Structures are given as structure tokens and as C-alpha cells.
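Here are the chains, one letter per residue:
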Amino acid sequence: MERKKKRTVRYILVFVILICGVTLLILCNLGIGSVSIPVREVSACLTGGLVDDTVQGIVRDIRLPRTLAALLLGGALALSGYLLQTFFHNPIAGPFVLGISSGSKLTVSLVMVFLLGNAVSISSGALIGAAFAGAMLCMGFVLLMSKRVNSMSTLVVCGVMIGYICSAITDFVVTFADDADIVNLHNWSRGSFSGMAWGNLPTMAVVVFAASVGVFFLSKPISAYQLGENYAKNMGVNLRTLRVLLILLSSILSACVVAYAGPISFVGIAVPQLTKQMLGTNKPILMIPACFLGGSVFCLFCDLIARTVFAPTELSISTVTAVFGAPVVLWVMARRKKSNP
């Protein structure tokens, strides 16, 4: 009884820390930048108080859409990584490592070059659809390879190779694109939350929210699946349907991220592992919301670093996430090696 109480206190504490972290980082992202804005004025902007028009424009029109995008897409990316790690039973599986992000990047690049080159505007839904098609294409290759290789480490290497192939084709496409397209593609392909506008948020929010709710409703079958396929079957879980849903939902979430912010590395691997260590459990009903909040915290923090450390020069978001995420991956691999000598 005492042990159960301690676990409950730990879970509550973790969620309080994550929610406070999200709140604090939202305020920091809105207030800190090339123009520093006091918290009082940020609060006034958000609550409709009297504020200078310039300050209001910076907060409401530039920083707030970007901050909300980092919050939503960071959570989506972490959740996508959690689903892939569950599907493959591998702690270093993720949309970036398995080449899924690179596949989405390839198809979005093709769509952008073709449509922009013919002076055709691109809707948010079209970009997400193109990214989803690329994600499913690469996921299909990974699944085919999984039937031929027994080692999960070999499968991860196959995913990395697929990612390199997609990146090479993307570079080839960019080489023959118009100058204006090259600028747009170069900035987007490095990964960034800059340029986010209010027009991007409705579609993004609907897709991320719908997919996240779908993932949460799968928490019970995922919990059974984690205990083994035979156990899941005995509990009445339709394994084929569950696997299809895991693939579809993870691909939708990662495709939404790539469509708006470009490929972002290591978030999908590092955040689920850090969240698991914080909670001390892998229960999906706790991990799913905690992963989303953790991904939001991670991306809000990395975006703040990317904007401010070398201001006015802005780093790509993937550069910063790699700095903080790669050591987590190395730590996970070292722990795995130690527990399985």
C-alpha cells in the first residue's frame, strides 16, 4: 500500500513538473528574443490588455504561433517515437532513425518543387498528405526488411540507409529547382519552427489532436502488446489491427511535423526514454500524455536555444535537438549493452 502511494505521488509530481515546464517555456519563448518583452507585457498581450502595437504584433503575430507550433509538433514527434518503439520493441526506434522523416521530406520536396515551379499554391492538407505518403513508403520498406532480418540493430541500420537514400534524392531534386524554391527548401529541410503563421495552426492542431486521442484510446491494447504477443492474443487483442493502427498513427504524427517544420532529429527517440525514466513505468495510459508533454517541453526549450544563443543568427532546430538528444541515445544503448552482455 505504501509502495503504491509512493508511485502515485511520483506520477503526480512528474506531470506537475512537465505542465510547469510547458507553462514556463511558453512565457520564455514569448518574452525572450531579439526584442526582450517583460512578463507583464506578455500577459497583457495574451489577456487583451493595453500594450504597445509593436509589442502586440511581435507576441501575437510572430512568437505565439511559433510557440504553439513547437508545443504541438514536439508532442506529436515524441508520441510518434513512442509508438514506433512499442511496435518494434526497440528503444532506439524513431521516425528520424528509421528513415520515415526522410521519406516525408522527399515527397514534400517533390510536391513543393513541382507546384511552386508551376505557380500553384499549396494547402496545409496537401503538404501533410504528401508527407504521409512518403512516411508510409519508407515504413513499408522498413517492414519488408523486418521480415528478412532477425536483428533489430540491423533493422535500424536499414532504416538509416533508407533515410540516406531519400536525402540523396531530395538533394538531387533541389539541385535542379529554381532559385526561389531552393531557398524555401533549404530553410525547411534543416528543420525550423520559424515562419509559422496563424493559418498553419488549425489544420495542424486538428491532425495532432485527432491522432493523439486515437493513440490514447489504444492505451489498453498497447499495454497488453508490451507484455508479449501471446499475452495480447489471450486478452483478445487483434494484433494485425493494432499493428496497422500503430503504423498509421505514428506516420500521421511524424508526417504532420515534417510538413510544417521539416525533419527534426532525436526527439522521437530521446523523449520517450527520458519520460520512462522519470515515471519509472512504461504504462501507456501514463506514458502517452507524459510523452506529449515531454516532447513539447523538449522542443520549446530547443527552439528557444536555437533563436537566442547566436542571435540574430538562428540555428536549425535539428542541430539543437541533436546536441541534447544524441547523448540520451548513447546512454540508452550503453544501458542496453550492460543489461544484455
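Residues numbered from 1 in each chain as written. Predicted model: local features only at pLDDT ≥ 70, side-chain atom pairs only at ≥ 80, totals over all residues. Heavy atoms only, no water.

## A word on the confidence of the model for the chain
Detailed reading of the predicted coordinates is not advisable wherever pLDDT falls low. Selection criterion: Residue-level confidence of the predictor, termed pLDDT, takes values from 0 up to 100. We count a stretch as a helix when DSSP gives it H or I for four or more residues in a row; a strand needs E for two or more, and each element gets its number in order from the N terminus.
On average, residues of the chain score 85 in pLDDT, and 92% of them are at 70 or above. Per-element confidence in the chain is highest for helix H13 (residues 284-308), whose mean pLDDT is 95, and lowest for helix H7 (residues 179-189), whose mean pLDDT is 64.

## Side note on the packing of helix H2 (residues 39-47) against helix H3 (residues 53-88)
Note the threshold: Axis definition: a line fitted to C-alpha atoms, limited for helices to the stretch in contact. Angles are taken between N-to-C directions and run from 0 to 180 degrees. Note on terminology: angles under 35 degrees are roughly parallel, angles over 145 are roughly antiparallel, angles of 65 to 115 are roughly perpendicular, and the others are oblique. By definition, residues are in contact when any of their heavy atoms lie within 4.5 Å. Any residue that is not Ala, Val, Leu, Ile, Met, Phe, Trp, Tyr, Cys, Pro, Asp, Glu, Lys or Arg is counted as polar, Gly included; the first ten are nonpolar and the last four charged.
Two elements in contact, H2 and H3, have axes separated by 10 Å at closest approach and are oriented at 75 degrees. In terms of their interaxial angle, H2 and H3 are classed as roughly perpendicular. Residues Glu41, Cys45 and Leu46 of H2 pack against Val55, Gln56, Val59, Arg60 and Leu64 of H3. Considering only residue class, the contact of H2 with H3 consists of five nonpolar, one polar and two charged.

## Structural notes on the environment of Leu27
Its location among the elements puts Leu27 in helix H1 (residues 2-31). Remark: the alpha-carbon pair of Leu27 and Gln85, spanning 58 residues in sequence, is separated by 32 Å.

## Comments concerning the pattern of salt bridges
Rule in force here: Just to be clear on terms, a salt bridge is a Lys or Arg side-chain nitrogen sitting within 4 Å of an Asp or Glu carboxyl oxygen.
Taken as a whole, this structure holds three salt bridges when the rule is applied. We note a salt bridge from Arg243 to Glu229, for which the minimum N-O separation is 2.7 Å. A residue pair is termed long-range when its members are at least 10 positions apart, and Arg243 in helix H11 (residues 239-261) and Glu229 in helix H10 (residues 229-234) qualify at 14 residues. Residues participating in the shared-partner salt-bridge network are Arg66, Asp303 and Glu314.

## Here's the deal with the side chain of Thr281
As a reminder of what qualifies: Three exposure classes are used, based on accessible area relative to the maximum for each residue type with a 1.4 Å probe and protein chains only: buried under 20%, partly exposed in between, and exposed over 50%.
Within the fold, Thr281 resides in the loop between helix H12 (267-279) and H13. On the basis of relative accessibility, which here comes to 12%, the residue Thr281 falls in the buried class. Setting aside chain neighbours within four positions, we find Thr281 in contact with Tyr11, Lys276, Leu286 and Met287.

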